[in-house]
2 protein chains.
Amino acid sequence: MIRKEHKECMSALLPVRDTLDVIGGKWKILILISVWEGNKHFREIARSIPKLSTKVLSKELKDMEMNHLITRTVLNGFPVRTEYKPTEYSKSLEKVILELHQWGLNHRKKIFTD
Amino acid sequence: MIRKEHKECMSALLPVRDTLDVIGGKWKILILISVWEGNKHFREIARSIPKLSTKVLSKELKDMEMNHLITRTVLNGFPVRTEYKPTEYSKSLEKVILELHQWGLNHRKKIFTD
DNA sequence: GTAACTGGTTACCAAAAGTAAACTGATTAC
DNA sequence: GTAATCAGTTTACTTTTGGTAACCAGTTAC
């Protein structure tokens, strides 16, 4: 008997993975929203997100800077302060996040009424 | 000096988290696409996704069944075969995935041309 | 001088996720 | 009887991710 052909898929999935890498994980979207809402300084962002440690925040901010979602500026002056700001580019994620949000809302209904 | 107010955000983010739980991780979208493409049986799905172990596949399929993305039917007959099929509901993820895909494509351009 | 703030780093841990391979028990093909 | 298929489960291990808490240097407020 001839083995039934199976279909190899997995083409063009890298972009989806890329996006999930950028916004996935436990904290990235929370941090992004915090910065969107106007929190600018390291400790300010940290305080705005309960349970987020400075270690993790530090790492996530670096990732997000690399991905052009935020900018980091050190203001010289005393005391030295660091300012994190969302980029224009980061706004392009709004649509994606909205989509995730809406699907999630609907899914909750689906799961609980069913 | 009065501490500057920081803004508490983090409202209404659970739905986003829910969605990321359902489609996040390394394998779920790949498995979904495999099933969408017509792969129906356990080994068939496993073979269609290189590097995916049967242990992980087994667990992911259970999760996905719980989230109503696929159905699992055991066909009685010899040999016993199991059939996994995508649900109509699973189609509602297409838009979300498309959005993730497009943002990811654009992001690659951004990162490499910049 | 002491406590509390600034922006982080370091070392150590725990939990989750993933990997590889062996193994179930049943059936089928040679 | 032997090997290979089906649908998974089990075991033992590594990797990744996240978490805790202490700590640094410098500044400010009392």
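As shown above, the structure is provided for reference.
Remember, it's a predicted structure, so these values are computed and weren't measured experimentally.

J.: Explain the packing of helix α2 (residues 28-36) of chain B against helix α4 (residues 54-66) of chain B to me, please; I cannot follow it from the model alone.
T.: Between two packed helices, what matters for the description is the angle formed by their axes and the separation of those axes. Residue and element names in this part refer to chain B. Running from amino to carboxyl end, α2 crosses α4 at an angle of 75°, the nearest separation of the two axes being 10 Å. Accordingly, the angle class assigned to the pair α2 and α4 is roughly perpendicular. Facing K28, I31 and L32 of α2, the residues of α4 in contact are L57, E60, L61, D63 and M64. In the contact of α2 with α4, the residues fall into five nonpolar, no polar and three charged.

J.: Is there a simple way to explain helix α5 (residues 93-112) of chain B in this structure?
T.: With 20 residues, α5(B) ought to run about 28 Å at 1.5 Å a step, and its terminal C-alpha atoms sit 29 Å apart, in line with that. Here α5(B) has its buried residues at L93(B), V96(B), I97(B), E99(B), L100(B), H101(B), W103(B), G104(B) and H107(B). Those residues of α5(B) that are buried are in contact with α1 (14-23) and α5 (93-112) of chain A together with α1 (14-23) and α2 of chain B.

J.: Quick question: what am I supposed to make of the protein's contact with DNA strand D here?
T.: The local shell around DNA strand D holds 20 residues, among which K55(A), R43(B), S58(B), R72(B) and Y84(B) are the closest. Close to the protein, within 4 Å, the atoms of DNA strand D are drawn from sugar and phosphate at a rate of 54%. Between DNA strand D and K26(A) there is a distance of 2.9 Å, counted from a phosphate oxygen to a side-chain nitrogen or oxygen. In the environment of DNA strand D, a phosphate oxygen lies 2.4 Å from a nitrogen or oxygen atom belonging to the side chain of S58(B). In terms of residues, the surface near DNA strand D owes the most to one element, α4(B), which gives four residues. Classifying every residue of the surface near DNA strand D gives five nonpolar, six polar and nine charged.

Reading guide: rules and limits
- Residues numbered from 1 in each chain as written.
- Chains lettered and ligands numbered in written order.
- Predicted model: local features only at pLDDT ≥ 70, side-chain atom pairs only at ≥ 80, totals over all residues.
- Heavy atoms only, no water.
- Axes fitted to C-alpha atoms, helices over the stretch in contact; angles between N-to-C directions.
- Helix = DSSP H or I, 4+ residues; strand = E, 2+ residues; numbered from the N terminus.
- Parallel < 35°, antiparallel > 145°, perpendicular 65-115°, else oblique.
- Contact = heavy atoms within 4.5 Å.
- Nonpolar A, V, L, I, M, F, W, Y, C, P; charged D, E, K, R; others polar.
- Expected span 1.5 Å × (residues − 1).
- Buried < 20%, exposed > 50% of the residue type's maximum accessible area, 1.4 Å probe, protein only.
- Near = heavy atom within 4 Å.
- Polar contact = N/O pair within 3.5 Å; in protein donor to acceptor, adjacent residues only side chain to side chain.

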